[in-house]
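Report on the structure
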Amino acid sequence: MQTPIVLDGKALAKSIEQELAARVQRIKEKTGTVPMLATIIVGNDPASATYVRMKCNACKRIGMQPLKIEMPEDSTTDDVIRQIQALNENPDVHGILLQHPVPRHIDEMACFNSIDIAKDVDGVNTATFGRMAMKMDSFKSATPLGIMTLLKHYKIPVEGREAVVIGRSPILGKPVAMMLLNENATVTICHSKTENLPDVVRRADIVVAAVGKPRFVKAEWVKEGCVLVDAGYNPGNIGDIDLENAIAKCSAYTPVPGGVGPMTISSLIRQTVESAEKRFGIAAE
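A brief look at the structure comes next. Starting afresh in each chain, residues are numbered from 1 along the sequence in its written order. Under the rules for a predicted model, residues below a pLDDT of 70 receive no local features and side-chain atom pairs below 80 are neither given nor counted, while totals for whole chains, interfaces and linings still include all residues. To get the side-chain values, all heavy atoms of the structure are used, and hydrogens and water are removed first.

Before going further, it helps to examine the layout of surface pockets. Lining residues are defined by having an atom within 4 Å of a point belonging to a cavity or pocket. Those points lie on a 1 Å grid over the protein atoms alone, cavities being sets where a 1.4 Å probe fits but cannot get out and pockets being open sets with protein on both sides within 12 Å along at least five of seven lines. Grid points are joined across faces, edges and corners, and a volume is the space filled by probe spheres set on the points. In this structure, the second largest pocket encloses a volume near 400 Å³. Around the second largest pocket sit 15 residues that line it, and Lys 140, Leu 145, Met 148, Lys 152 and Glu 183 are the ones nearest its centre. Those elements giving two or more residues to the lining of the second largest pocket turn out to be helix H6 (142-153) and helix H7 (173-182). Only DSSP runs of H or I reaching four residues or more are called helices, and only runs of E reaching two or more are called strands; each is numbered from the N terminus. Sorting elements by how many residues they give to the lining of the second largest pocket places H6 first, with five residues. Its residues assigned to classes, the lining of the second largest pocket comprises eight nonpolar, two polar and five charged. In the scheme used here, Gly and all other residues not listed as nonpolar or charged are polar, with Ala, Val, Leu, Ile, Met, Phe, Trp, Tyr, Cys and Pro taken as nonpolar and Asp, Glu, Lys and Arg as charged.

In this section: the packing of helix H1 (residues 9-31) against H6. One way to put it is that H1 packs onto H6 with a least axis distance of 11 Å and a crossing angle of 95 degrees. Looking at the two axes, H1 sits roughly perpendicular to H6. Each of Gly 9, Leu 12 and Ile 16 in H1 lies in contact with H6, whose residues at this interface are Thr 149, Leu 150 and His 153. Its residues placed into classes, the contact of H1 with H6 shows three nonpolar, three polar and no charged. Fitted lines through C-alpha atoms serve as axes, helices being fitted only where they are in contact, and the angles separating the N-to-C directions of these axes extend from 0 to 180 degrees. Throughout this description, any angle smaller than 35 degrees is read as roughly parallel, any larger than 145 degrees as roughly antiparallel, any in the 65 to 115 degree range as roughly perpendicular, and the remainder as oblique. Any pair of residues with heavy atoms lying within 4.5 Å of one another is described as a contacting pair.

Taken together, six strands build an open sheet; the order of strands is S1-S9-S8-S7-S5-S6 and the sheet is parallel. The strands lining the two open edges of the sheet, one partner per strand, are strand S1 (5-6) and strand S6 (186-190). Paired strands are those between which DSSP finds at least two bridges.

As used here, the term nonpolar core means buried Ala, Val, Leu, Ile, Met, Phe, Trp, Tyr and Cys residues forming a set that is joined through side-chain atoms within 4.5 Å. Relative accessibility thresholds used throughout: buried, under 20% of the residue-type maximum; exposed, over 50%; partly exposed, between the two (1.4 Å probe, protein chains only). By size, the foremost hydrophobic cluster in this structure holds 46 residues, and its most contacted members are Ile 147, Leu 151, Leu 180 and Ile 269. Secondary-structure elements contributing two or more residues to this core are H1, helix H2 (46-61), H6, strand S5 (162-166), H7, strand S7 (206-209), strand S8 (227-230) and helix H10 (260-280). Here this core gets seven residues from one element, more than from any other, and that element is H10. Once residues lying within four places of it in the same chain are set aside, the contact partners of Leu 151 are Leu 7, Ile 156, Val 158, Leu 180, Val 227 and Val 229. Membership of the second largest hydrophobic core comes to 21 residues, among which are Ala 204, Val 217, Ala 219 and Leu 243.

Our focus in this paragraph is the environment of Leu 268. Mapped onto the elements, Leu 268 comes out in helix H10. The sequence separation of Leu 268 and Thr 143 amounts to 125 residues, and the corresponding C-alpha distance is 8.5 Å. Leave out the neighbours within four places in its chain, and Leu 268 touches Leu 37, Lys 55, Leu 97, Val 121, Asp 122 and Ala 142.

The description of two packed helices rests on the angle between their axes and on the distance between the axes. One can describe the packing of helix H5 (residues 126-133) onto H7 by two numbers: an axis separation of 9 Å at closest approach and a directional angle of 20 degrees. Classed by the angle they form, the pair H5 and H7 counts as roughly parallel. With respect to the hand of their crossing, H5 and H7 are arranged in left-handed fashion. Across the interface between the two elements, Phe 129, Met 132 and Ala 133 of H5 pack against Lys 174, Pro 175, Met 178, Met 179 and Asn 182 of H7. Here the contact of H5 with H7 is built from residues that sort into six nonpolar, one polar and one charged. Here a crossing is taken to be left-handed if its near helix is turned anticlockwise relative to the far helix by less than a right angle, and right-handed if that turn runs clockwise.

Here we come to the pairing of strand S2 (residues 36-42). Moving residue by residue along a regular strand, the side chains alternate between the two faces of the sheet. Most of S2 is tucked away, with seven of its seven residues classed as buried. Here S2 shows two buried faces, one formed by Met 36, Ala 38, Ile 40 and Val 42 and the other by Leu 37, Thr 39 and Ile 41. When S2 meets strand S3 (residues 65-71), the two strands line up parallel, connected through seven bridges. Each bridged residue has a counterpart across the sheet, and for Ala 38 the counterpart in S3 is Leu 67. A crossover counts as right-handed when, viewed with the strands pointing away from the observer, the path leading from the first strand over the helix to the second turns clockwise. Note that the unit made of S2, H2 and S3 has a crossover that is right-handed. Relative to strand S4 (residues 95-98), S2 is paired through four bridges, and the arrangement is parallel. Following the sheet pairing, Ala 38 is matched in S4 by Ile 96.

Coordinates in, geometry out; function isn't part of it.
Given below as structure tokens:
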């Protein structure tokens, strides 16, 4: 069997940033405006703080303006929604991100649904999801979009292939399943109630693991020549797939780290640039 293709998200994201920097410069020259991504972080979760810092740094690398809004742990759902509504009304803000997860007492979905779909660059509003699922013009959930961008860039066939998505979260499992379906894959979504999970996974030409459990998908579950997309990230730089043992069986895989993660941020930044272009009627070249 040939050496598997490494779906290098870090390298692709760097290449995309060069293109986005040129688009940001064009927006600035035509309008005098710098695209802005507003990120709301509620509470003091260290992992969330790290992710927000990475997103702000990515904005700066391409010449975009990041706006970080820190809210206390005891903020209410109404407090967060009021902040989002203020950003909806701010013409200088082109993208809005509510860092996930929020404290348990906050109604996260109500907050997501208060984001103007014209600024929903993380693709979390249910209206955004519905438009995406129906193949209408819309932004898309950032991590699934990053996955699909990787597959397209590395010319991984999707049409007619059997894809198994493990995980059904509203911001990853469900939207990536819909995107694969829209590209004519035959899609099975697995979850905690799925029976005979290893047998289901063994059918897959493409496996997307998004369960948040280290090395959950075993090497013996995957068939020869499959494509492994590991969307998990656990302490110790460990994904949701036992890649160490499964790599020998696959035809392509995303490394952890350096696979899906950089593409998530890339997608978020790209959609913020697209939002600004739409706002000013600037066609992407």
